[in-house]
Amino acid sequence: MNSSKDFIFESSGWNCNKDLLFKAKKILSLMQIKRKNKDIPLFSLLDSDDDIKKIKDDAKFFVNAEETITDFTLVGTGGSSLGASAIVKTDIVNKSGINFHVLDSLDPVTIKNTLSKLPPKTSKFLVISKSGKTTEIIVIMMIIIEWLENNNIKINKAIMSMYDFSIGMESPIAKISNEFGLKKTGHHSNIGGRFSALSATGLLPACIMGIDPMLLRIASRKTLNFILNKENKFILSSSIFASSEINKNKLNCIINYGDNLTEFLLWYRQLWSESLGKKGEGIFLLTGKGSVDQHSQLQMWLDGPNNGLYTFLNFKNIQTDIEIPTYKNISYIPKTTSSKLLNLMSQSTYQALGERGRPVRSLTTSDISVVSTVSLMVTFIIEILLVAELLKVDPYSQDAVEDIKINTLRKLNKYDSN
């Protein structure tokens, strides 16, 4: 078992190749050197606080003394929204009192239902697209502008846009922003969308929702220091994903025991899949939710093909808990709390998988909070960078996804000509 103030790690049957472990340690040492030399843009960002003031200033467009805001909607897809959602959804307190919404797809029912719930006079929108060319976001932005106009709301008082100024000044998002005089803020040029959760892309929405971005930056840096400056068994255990016996033959199965981490797993799924699925390499990722999936997927996990590597995410302390009432006729349920019973179910499932010869590991965080969430983000970002290096793939590219975007534009042009 490997423990720190923030994480508790344990594993069963998770046997790593000694050669890969040696390579992993060497890669982590090189990461330390690259960090010192500022060769990894994300690490350089986490080592600085220079952008925090700008984030706080931008948040004043949404939350200020002159105006009332009841609803904030983030318009973005993939890396433009998943990280922010993961952070905001783990803030169980929400001191801001603002309702948080995300529009990330073209599903007409979702768009209509979301807009129908919003009071036009007290709603504001942040549109994020690094390239400024994401078709879904352009369309949703146009729909929102029309909705605001129909409700006699000044467009430039309700929408801010974020895109990469260095490549996006002539993009559709830039053109729309200029046409309506929208307030604009820049997306980090040298940090890709799926790696941008700990930049303004994730921290600005968090700040709007009453979360201190400096608190998140400090937590991110603290975790980065902990992982790179000490031997971290959880990160080293990730070297198994590069094993020739594992890669392409196994599934990376990650199960969260805490509903607040559901959005985090959506963020992790994108980061894992787009970063590692290259040149025939990479492992398919499967997510599960405890204890719900004990009643839907567990039979397959325990008695199906032995082709899964299982990671459990747990919480040690829950600030908001529920005492379970005791009844004489149901004596097998002792006097306990909902969270303790959930942890017991996690431990039982973990043990059962281990006894069936399924490789399993668990990571327990101290509590449910935005701080623990960003700490997990840094942890899993380093995991993916490590696995990418071991697999010798570029974690920052996504050429296959770009092909789909090009195909979509071709079909749109064809549709328009018809």
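What you see is a predicted model; the values in this text were computed from it and never measured.

### Considering the overall build of the chain
1) Next: Scanning the chain from N- to C-terminus turns up 16 helices and 11 strands.
2) Next: Its C-alpha atoms give the chain a radius of gyration of 23 Å, within 12% of the compact-globule value 22 Å for 418 residues.
3) Next: With the C-alpha coordinates aligned to their principal axes, the bounding extent of the chain is approximately 65 × 60 × 45 Å.
4) Next: A buried classification covers 50% of the 418 residues belonging to the chain.
5) Next: Restricting to contacts in the chain with at least 6 residues of sequence separation, those with at least 24 account for 81%.
6) Next: Carbon and sulfur atoms make up 53% of the accessible area of the chain, which totals about 20,500 Å².
7) Next: For the chain, the distance from the average position of its 50 positive side-chain charges to the average position of its 42 negative side-chain charges is 3 Å.

### Let's talk about the sheet that holds strand 7 (residues 183-186)
1) Next: The parallel open sheet is built from 5 strands, whose spatial order is 4-3-5-6-7. Every other strand in the sheet has two partners, leaving strand 4 (99-103) and strand 7 as the edge strands with one partner each. Neighbour to neighbour, the strand axes of the sheet diverge by 20° on average, direction disregarded.
2) Next: Pairing analysis gives 5 bridges linking strand 3 (residues 71-75) to strand 5 (residues 123-128), with the strands arranged parallel. By the bridge assignment, leucine 74 is partnered in strand 5 with leucine 126.

### Observations regarding the environment of phenylalanine 315
1) Next: You can see phenylalanine 315 is positioned in strand 10 (residues 308-317).
2) Next: You can call phenylalanine 315 buried: its relative accessible area is 4%.
3) Next: Dropping the residues within four chain positions of it, phenylalanine 315 is found in contact with Tyr257, Gly258, Leu261, Asn343, Thr364, Thr365, Asp367 and Ile368.

### Describing the side chain of lysine 130
1) Next: Note that lysine 130 resides in the loop between strand 5 and helix 6 (135-150).
2) Next: Of the side chains with opposite charge, aspartate 164 lies nearest to the buried lysine 130, which makes no salt bridge, at 4.5 Å.
3) Next: For lysine 130, the side chain forms a polar contact with the main-chain oxygen of isoleucine 191, separated by 3.2 Å.
4) Next: If we ignore the near neighbours within four places in the chain, the residues touching lysine 130 are Ser80, Tyr163, Asp164, His187, His188, Ser189, Ile191, Gly192 and Gly193.

### Points about a nonpolar patch on the surface
1) Next: Together, Leu106, Val139 and Ile143 give the surface a local cluster of nonpolar side chains, amounting to about 200 Å² of exposed area.
2) Next: Turning to its location among the elements, isoleucine 143 is positioned in helix 6.

### Re the packing of aromatic side chains
Think of a pair of aromatic rings as described by two things: how far the centres are apart, and how the planes are tilted against each other in angle.
1) Next: Scanning the entire structure with this criterion turns up 17 aromatic pairs.
2) Next: Between the aromatic rings of phenylalanine 72 and phenylalanine 100, the centroid separation amounts to 5.9 Å while the plane-to-plane angle is 40°, which identifies the pairing as tilted. Of the two residues, phenylalanine 72 is situated in strand 3 and phenylalanine 100 in strand 4; the sequence distance between them amounts to 28 residues.
3) Next: Looking at phenylalanine 72, the relative accessible area reads 0%, which means it is buried.
4) Next: Owing to a relative accessible area of 15%, phenylalanine 100 belongs among the buried residues under this scheme.

### Examining the pattern of salt bridges
1) Next: A full pass over the atoms with the stated rule returns 16 salt bridges.
2) Next: With its nearest N and O atoms 3.5 Å apart, the salt bridge here joins aspartate 19 to lysine 23. In this pair, aspartate 19 and lysine 23 both sit in helix 1 (residues 18-36), 4 residues apart, roughly one turn of the helix.
3) Next: Under the relative-accessibility criterion, aspartate 19 is labelled partly exposed at 43%.
4) Next: Residue class for lysine 23 comes out partly exposed when judged on its relative accessible area of 40%.
5) Next: Of the charged contacts, one joins glutamate 383 and arginine 361 as a salt bridge, the two residues approaching to 2.7 Å between their closest N and O atoms. A residue pair is termed long-range when its members are at least 10 positions apart, and glutamate 383 in helix 15 (residues 370-391) and arginine 361 in strand 11 (residues 360-367) qualify at 22 residues.

### Some points on the nonpolar core
1) Next: In this structure, Met31, Phe72, Phe264, Trp267, Tyr268, Phe380 and Ile382 are the most contacted members of the largest nonpolar core, which totals 88 residues.
2) Next: The residues contacting isoleucine 382, other than those within four sequence positions of it, are Leu28, Met31, Phe43, Leu224, Ile227 and Ile235.
3) Next: Core analysis: the second largest hydrophobic core is formed by 24 residues, Leu103, Ile144, Ile155 and Ala158 among them.

### Digging into unusual backbone geometry
1) Next: The linkage connecting glycine 290 with the following residue, serine 291, adopts the cis geometry, with an omega of 0°.
2) Next: Looking at the element boundaries, serine 291 is found in the loop between strand 9 (284-289) and helix 13 (298-303).
3) Next: Phi angles above zero are rare outside glycine, and asparagine 94 is one such case at about 50°.
4) Next: Secondary-structure assignment places asparagine 94 in the loop between helix 4 (82-89) and strand 4.
5) Next: The class for asparagine 94 is partly exposed, based on a relative accessible area of 30%.
6) Next: Despite not being glycine, asparagine 152 shows a phi value in the positive range, around 60°.
7) Next: As for its placement among the helices and strands, asparagine 152 is situated in the loop between helix 6 and strand 6 (159-163).

### Some words on the packing of helix 4 against helix 15
1) Next: Relative to each other, helix 4 and helix 15 sit at 145°, their axes nearing to 8 Å. Contacts from Gly83, Ala86 and Ile87 of helix 4 reach helix 15 at Val370, Thr373, Val374 and Met377.
2) Next: For the contact of helix 4 with helix 15, the class distribution of residues is 5 nonpolar, 2 polar and no charged.

Cut-offs applied
- Here the residue numbering is sequential within each chain, running from 1 through the sequence in written order.
- Only residues with pLDDT of 70 or above have their local features reported here, since the model is predicted, and side-chain atom pairs are shown and tallied only from 80 upward, although totals for entire chains, interfaces and linings are computed over all residues.
- Excluded from the side-chain calculations are hydrogens and water; all other atoms, namely the structure's heavy atoms, are used.
- Runs of E in the DSSP output that reach at least two residues are strands. Runs of H or I that reach at least four are helices, and both are numbered from the N terminus.
- We compute the radius of gyration over the C-alpha atoms and compare it with the globule rule, which gives 2.2 Å times the number of residues raised to the power 0.38.
- Per-residue accessibility, obtained with a 1.4 Å probe over protein chains only, is compared with the maximum for each type, and a residue is labelled buried under 20%, exposed over 50%, and partly exposed between these values.
- We call two residues in contact whenever any of their non-hydrogen atoms come within 4.5 Å of each other.
- Method for areas: the Shrake-Rupley scheme with a 1.4 Å probe, in which residue coverage is limited to the protein chains shown.
- When charges are counted, Lys and Arg contribute as positive and Asp and Glu as negative, whereas His and the chain ends are disregarded.
- The atoms used to mark charge sites are NZ of Lys, CZ of Arg, CG of Asp and CD of Glu.
- Paired strands, as defined in this entry, are two strands with at least two bridges between them according to DSSP.
- Only the stretch in contact is used when fitting a helix axis, every axis being a line fitted to C-alpha atoms; angles between N-to-C directions are given from 0 to 180 degrees.
- Any Lys or Arg side-chain nitrogen located within 4 Å of an Asp or Glu carboxyl oxygen qualifies as a salt bridge.
- Nitrogen and oxygen atoms within 3.5 Å of one another constitute a polar contact, given that in protein one can donate a hydrogen and the other can accept it, and given that sequence-neighbouring residues count only through two side-chain atoms.
- Every patch collects residues that have over 30% relative accessible area and no salt bridge, joining them within 9 Å if they carry like charges and within 5 Å if they are nonpolar side chains (Val, Leu, Ile, Met, Phe, Trp, Tyr).
- Aromatic rings from Phe, Tyr and Trp, taking only the six-membered ring of Trp, are treated as a pair when their centres fall within 6.5 Å; an angle between ring planes under 30 degrees marks them as stacked, one over 60 as edge-to-face, and anything in between as tilted.
- The criterion is simple. A nonpolar core is a set of buried Ala, Val, Leu, Ile, Met, Phe, Trp, Tyr and Cys residues joined through side-chain atoms within 4.5 Å.
- As a working rule, the residues Ala, Val, Leu, Ile, Met, Phe, Trp, Tyr, Cys and Pro are called nonpolar, Asp, Glu, Lys and Arg charged, and the rest polar, with Gly in that last group.

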